[in-house]
Protein chains: 2
Amino acid sequence: MIRAMPPLRIAIDAMGGDYGPRATVPGTALALAQRPDASATLYGKRHLIDVELSRLPSTLHHVRDRIDFIEAGDRLPVDMTPSRLLRDAPSGSLHACLAALRADEAQACVSAEHTGAIMALARRDVGMLANVARPAISAAIPTISQRPCYMLDLGANVDVRAEHLVDFAFMGAAMVRLVDSIQLPRVGLLNVGTESSKGERRVREADALLRAHERSHFEYVGYVEGDALFTGNTDVAVCDGMVGNVALKSSEGLARMLGTRLSGEFQTGWYARLVGWLATPVLRRFMQELNPVRYNGASFLGLKATVVKSHGSAQAEGFAYAVRRAVDEATMKLPERLMP
Amino acid sequence: MIRAMPPLRIAIDAMGGDYGPRATVPGTALALAQRPDASATLYGKRHLIDVELSRLPSTLHHVRDRIDFIEAGDRLPVDMTPSRLLRDAPSGSLHACLAALRADEAQACVSAEHTGAIMALARRDVGMLANVARPAISAAIPTISQRPCYMLDLGANVDVRAEHLVDFAFMGAAMVRLVDSIQLPRVGLLNVGTESSKGERRVREADALLRAHERSHFEYVGYVEGDALFTGNTDVAVCDGMVGNVALKSSEGLARMLGTRLSGEFQTGWYARLVGWLATPVLRRFMQELNPVRYNGASFLGLKATVVKSHGSAQAEGFAYAVRRAVDEATMKLPERLMP
């Protein structure tokens with residue numbers, strides 16, 4: 001029997017991340033259940049992947065015929081610098097995914113490997129768009145409104161120039177417009193204040209460039225401060241990778257601390273313990289939203305094909321979010337429509 | 001009758017901040033009640049200050065004889081850029097405080113004016129230490145442990161060089177050692193990762209300088225990432241003003257968002273509302289710790305005398321914290337002991 005395969009195929013690095021196939025296999029199945037037009041190929045070790053496929057709940061059995069498997073290497077050695085990875089890493093499951101992407105056997109790749117590893121190998125094996133000088137990493141942050149805020153860059157670049165920040169603004173706006181269907185994304189430039197005289201030279205230069213630029217596809221709202229990430233008034237927050245990385249990781253650290261403290265408050269004294277027990281369902285809902293402080297799935301923008309990174313500690317549901325993101329970006333052909 | 005005045009005098013900008021004398025007058029009194037060796041002079045409008053002095057609760061009457069008053073201008077015009085402030089601002093209560101500091105009529109100053117305004121006027125009227133190239137702003141952030149983490153710079157400097165970051169490390173370490181009595185502060189350099197190859201050039205250069213430097217007064221722990229701000233493993237986190245400012249303000253924004261969301265969770269459905277009502281005292285305690293995400297009182301390091309900024313939205317208790325910080329820094333003669 002010849003099966004008509006759906007047109008979109010996602011290459012899944014099944015071995016990456018803290019949980020490997022235990023997260024990536026059910027996560028992929030979950031995502032395919034929600035994206036009926038997509039299919040996936042799992043790259044990795046057969047004996048580990050087969051176990052997880054056989055464990056899929058019956059509610060997910062219907063997606064099995066959209067999941068293929070290709071034997072590949074293991075996850076990458078941990079603690080290898082990107083330069084050593086490029087030089088002498090054994091070929092792992094991520095390599096196989098990127099090779100499939102390069103050969104157009106898949107239209108997107110999802111991996112839970114380390115950011116630096118994915119970026120280094122993807123730049124080499126998939127390549128960069130000709131009109132983008134620097135790739136950027138973007139992730140969505142929950143805000144007080146229904147709409148998330150996408151921050152970029154989150155650490156692909158340090159030592160950037162004004163023109164790179166302008167590129168990030170265009171790439172972030174294109175992504176939000178195409179993938180999240182926001183017609184006129186509001187794009188802000190992160191700075192130490194909102195007055196025009198403030199900030200680093202490169203930020204002020206980027207501001208001038210953005211103001212001078214033709215921008216029918218997004219609204220440039222000027223400088224925004226760090227708290228704007230969470231107010232819901234900015235769809236895309238642009239900064240260099242150092243600022244974005246520190247802001248994201250400090251927010252994650254703060255959320256963890258507040259979670260621990262909140263639990264602690266409900267353990268001081270018998271009354272607090274009793275109320276904490278009664279409040280368990282409410283607090284659990286709150287904690288789930290809170291940690292980590294982002295939607296799972298960071299997009300690597302500027303590559304010739306869609307590559308999405310899952311958080312290393314993501315379990316099946318988190319990994320599914322990253323896979324859905326990859327499907328949505330590939331469906332919209334984001335890479336080729338990223339720059340004007 | 002001749003009153004023997006205590007030796008240490010703090011110049012209080014009574015008019016600054018969102019609440020003016022309503023916060024600064026009771027805040028000063030509260031702080032003096034906890035610092036019996038200090039006295040204060042309130043600078044501002046007599047009719048407004050007198051009202052607040054007369055409203056002090058009887059428990060604070062005993063500090064009245066340590067509070068003096070000098071008639072001065074009002075708070076600074078809002079929304080004036082630092083350069084315009086230097087050129088043509090009317091002389092306000094902050095000017096009078098800084099003049100007193102310069103004339104050695106006071107040993108420290110506390111103001112709730114905007115950071116840029118305080119920094120610009122203080123640099124001109126108080127002056128910089130000869131051996132510090134750039135002043136820095138530092139504030140304490142609560143961590144999961146009992147010890148706070150001091151982050152600097154929070155926005156006094158953008159476009160800094162490696163040597164400036166090294167200065168910040170020395171200044172932060174001296175402050176923590178002298179004012180907070182931590183014998184060997186652990187000083188980290190904020191970066192996008194902990195591997196030695198990571199980060200901006202200036203950060204890598206600062207790392208090399210710090211490793212090479214004689215440092216008997218603090219322990220240099222190398223690179224730290226954003227989440228280290230809240231783990232309690234770092235006493236001083238060093239970064240440029242852009243990174244520090246965005247990290248602090250994004251943390252404040254996140255804390256506000258989580259507070260709002262937590263309240264929201266306790267309002268969805270009758271059960272959550274009931275439990276929320278029962279949990280009010282526990283939640284209130286948590287919220288108080290949470291917002292703002294720092295101890296009130298930012299220290300301006302590198303000036304010839306102690307200047308502490310209170311949050312503009314601080315009420316009496318918050319302002320008291322800033323005044324106590326100023327007393328402690330002046331008591332330790334921090335400015336003259338800041339650099340090795």
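Residues numbered from 1 in each chain as written. Chains lettered and ligands numbered in written order. Predicted model: local features only at pLDDT ≥ 70, side-chain atom pairs only at ≥ 80, totals over all residues. Heavy atoms only, no water.

(A) Up close: the overall build of chain A. The helix and strand tally for chain A stands at 11 helices and 11 strands. For a compact globule of 340 residues, the expected C-alpha radius of gyration is about 20 Å, and chain A comes in at 21 Å, within 12% of that figure. Its C-alpha atoms give chain A principal-axis dimensions of about 65 × 65 × 40 Å. Within chain A, buried positions represent 59% of all 340 residues. Counting only carbon and sulfur atoms, one obtains 51% of the accessible surface of chain A, whose full area is about 14000 Å². Charge centroids of chain A, computed over 39 positive and 37 negative side chains, lie 2 Å from each other. (Helix = DSSP H or I, 4+ residues; strand = E, 2+ residues; numbered from the N terminus. Rg over C-alpha atoms; globule rule 2.2 N^0.38 Å. Buried < 20%, exposed > 50% of the residue type's maximum accessible area, 1.4 Å probe, protein only. Areas by Shrake-Rupley, 256 points an atom, 1.4 Å probe, with all protein chains shown as cover. Lys, Arg positive; Asp, Glu negative; His and termini not counted. Charge placed at Lys NZ, Arg CZ, Asp CG, Glu CD.)

(B) Main features of the relation of the copies chain B and chain A. Under the fitted operation, chain B is carried onto chain A by 0.0 Å of movement along the axis and a turn of 180°, and the coordinates agree to an RMSD of 0.1 Å. Each copy turns onto its partner about a two-fold axis. Here 98% of the interface residues in chain B have copies in chain A that are interface residues too; the copies meet face to matching face. (Least-squares fit on C-alpha atoms with pLDDT ≥ 70 in both. Contact = heavy atoms within 4.5 Å.)

(C) Main features of the sheet that holds strand β9 (residues 236–238) of chain A. Residues and elements named next belong to chain A. Judged by pairing direction, the sheet is mixed, and its 11 strands sit side by side in the order β3-β2-β1-β4-β11-β10-β5-β6-β9-β7-β8 without closing on themselves. Both edges of this open sheet fall to β3 (67–71) and β8 (219–224), since each of them pairs with a single strand only. For this sheet the average axis-to-axis angle between neighbouring strands, irrespective of direction, equals 25°. The sheet strands contacting helix α6 (residues 162–179) are β5 (136–141), β6 (149–152), β7 (186–190), β9 and β10 (298–301), and the helix crosses β9 at an angle near 165°. (Pairing = 2+ DSSP bridges. Axes fitted to C-alpha atoms, helices over the stretch in contact; angles between N-to-C directions.)

(D) Molecular detail of the environment of Tyr321(B). Residues and elements named next belong to chain B. Tracing the backbone shows tyrosine 321 in helix α11 (residues 316–331). What makes tyrosine 321 partly exposed here is its relative accessible area of 28%. Along the primary structure tyrosine 321 and tyrosine 295 are separated by 26 residues, whereas in three dimensions their C-alpha atoms are 7.6 Å apart. Discounting residues that sit within four places of it in the chain, tyrosine 321 has contacts with Tyr295 and Asn296.

(E) Looking closely at the nonpolar core. Ranked by size, the top nonpolar core spans 186 residues in total, and within it Leu190(A) and Leu190(B) carry the most contacts. Lining this core are residues from two domains, each supplying at least three of them: domain 1 (1–132 + 302–340) and domain 2 (134–294) of chain B. For Leu190(B), the contacting residues outside a window of four places in its chain are Met242(A), Val246(A), Met151(B), Val203(B), Val224(B), Glu225(B), Gly226(B), Leu229(B), Ala237(B), Val238(B), Cys239(B) and Val243(B). (Core = buried A, V, L, I, M, F, W, Y, C linked by side-chain atoms within 4.5 Å. Domains from an automatic or database assignment.)

(F) Summary view of the environment of Gly116(B). All names here are of chain B. By the element assignment, glycine 116 lies in helix α5 (residues 115–125). When its relative accessible area of 25% is taken as the criterion, glycine 116 is described as partly exposed. C-alpha of glycine 116 to C-alpha of glycine 155: the two residues are 39 residues apart in sequence and 8.8 Å apart in space.

(G) Focus on the sheet that holds strand β2 (residues 38–44) of chain B. Residue and element names in this part refer to chain B. Strand order in the open sheet made by the 11 strands is β3-β2-β1-β4-β11-β10-β5-β6-β9-β7-β8, with mixed pairing throughout. Every other strand in the sheet has two partners, leaving β3 (67–71) and β8 (219–224) as the edge strands with one partner each. Direction aside, the axes of adjacent strands within the sheet are offset by 25° on average. Here three bridges tie strand β10 (residues 298–301) to strand β11 (residues 306–309), and the two strands are oriented antiparallel to one another. Residue serine 299 lies in a different strand from β11, and its bridge partner there is valine 308. Across the sheet, helix α6 (residues 162–179) touches β5 (136–141), β6 (149–152), β7 (186–190), β9 (236–238) and β10, and the angle it forms with β9 is around 165°.

(H) Local environment of helix α2 (residues 46–54) of chain B. Residue and element names in this part refer to chain B. Among all positions in α2, only Ile49, Glu52 and Leu53 are buried. Within α2, the buried residues cover an arc of 105° as seen down the axis, which keeps them to one side. In α2, those exposed residues whose orientation departs by more than 90 degrees from the buried face are His47 and Ser54. The secondary structure elements touched by the buried residues of α2 are α1 (21–34), β2 and β3. (Arc of directions from axis to C-beta.)

(I) Layout of the interface of chain B and chain A. Counting from both sides, the interface comprises 54 residues of chain B and, opposite them, 53 residues of chain A. When chain B packs against chain A, close to 5000 Å² is buried across both sides, 68% of that on carbon and sulfur atoms. Seen at the junction of chain B and chain A, the total is eight salt bridges. The partner of Arg256(A) in a salt bridge is Asp227(B), with the nearest N and O atoms 3.5 Å apart. Counting across the chain B and chain A interface gives 20 residue pairs in polar contact (both at pLDDT 80 or more). Mapped by element, the contributors of at least two residues to the side of chain B that touches chain A are α7 (201–212), α8 (241–265), α9 (270–278) and α10 (280–290) of chain B. Among the residues making up the side of chain B that touches chain A, the classes are represented as 29 nonpolar, 12 polar and 13 charged. (Buried area = accessible area lost by both parts, 1.4 Å probe. Salt bridge = Lys/Arg side-chain N within 4 Å of Asp/Glu carboxyl O. Polar contact = N/O pair within 3.5 Å; in protein donor to acceptor, adjacent residues only side chain to side chain. Nonpolar A, V, L, I, M, F, W, Y, C, P; charged D, E, K, R; others polar.)

(J) Layout of the packing of aromatic side chains. Residues and elements named next belong to chain A. Evaluated as defined, the whole model comprises four aromatic pairs over all chains. Considering the side-chain rings of phenylalanine 170 and phenylalanine 218, the 5.2 Å spacing of their centres and the 85° angle between planes classify their relative orientation as edge-to-face. Placement of phenylalanine 170 in helix α6 and of phenylalanine 218 in the loop between α7 (201–212) and β8 is noted, with a sequence separation of 48 residues between them. In this pair, the class of phenylalanine 170 matches that of phenylalanine 218, namely buried. Residues tryptophan 270 and tyrosine 271 carry aromatic rings whose centres are separated by 6.0 Å and whose planes lie at 85° to one another, so their mutual orientation is edge-to-face. Overall, tryptophan 270 belongs to the exposed group, its relative accessible area being 64%. (Phe/Tyr/Trp six-rings, centres within 6.5 Å; stacked < 30°, edge-to-face > 60°.)

(K) Unusual backbone geometry, seen in detail. All names here are of chain A. The residue after leucine 152, namely aspartate 153, is reached through a cis peptide bond having omega 5°. With respect to the helices and strands, aspartate 153 occurs in the loop between β6 and α6. Residues other than glycine seldom take positive phi values, yet aspartate 159 does so here, at roughly 55°. When you line up the elements, aspartate 159 lands in the loop between β6 and α6. Its identity as a non-glycine residue notwithstanding, serine 181 has a phi of 55°, on the positive side. Along the chain, serine 181 falls in the loop between α6 and β7. What makes serine 181 exposed here is its relative accessible area of 55%.

(L) Expanded view of the pattern of salt bridges. Enumeration over the complete set of coordinates arrives at 37 salt bridges over all chains. Between Arg202(A) and Glu200(B) there is a salt bridge whose closest N-O contact spans 3.2 Å. Of this pair, Arg202(A) sits in helix α7 while Glu200(B) is found in the loop between β7 and α7, placing the two residues in two different chains. For Arg202(A), a relative accessible area of 13% puts it in the buried group. The salt bridge involving Arg325(A) is made with Glu329(A); its shortest N-O contact spans 3.2 Å. With a gap of four residues between them, Arg325(A) and Glu329(A) both fall in helix α11 (residues 316–331), about one helical turn apart. The same class applies to Arg325(A) and to Glu329(A), which are both buried. Overlapping salt bridges, with partners in common, bring together Glu200(A), Arg202(A), Asp240(A), Glu200(B), Arg202(B) and Asp240(B) in one network.

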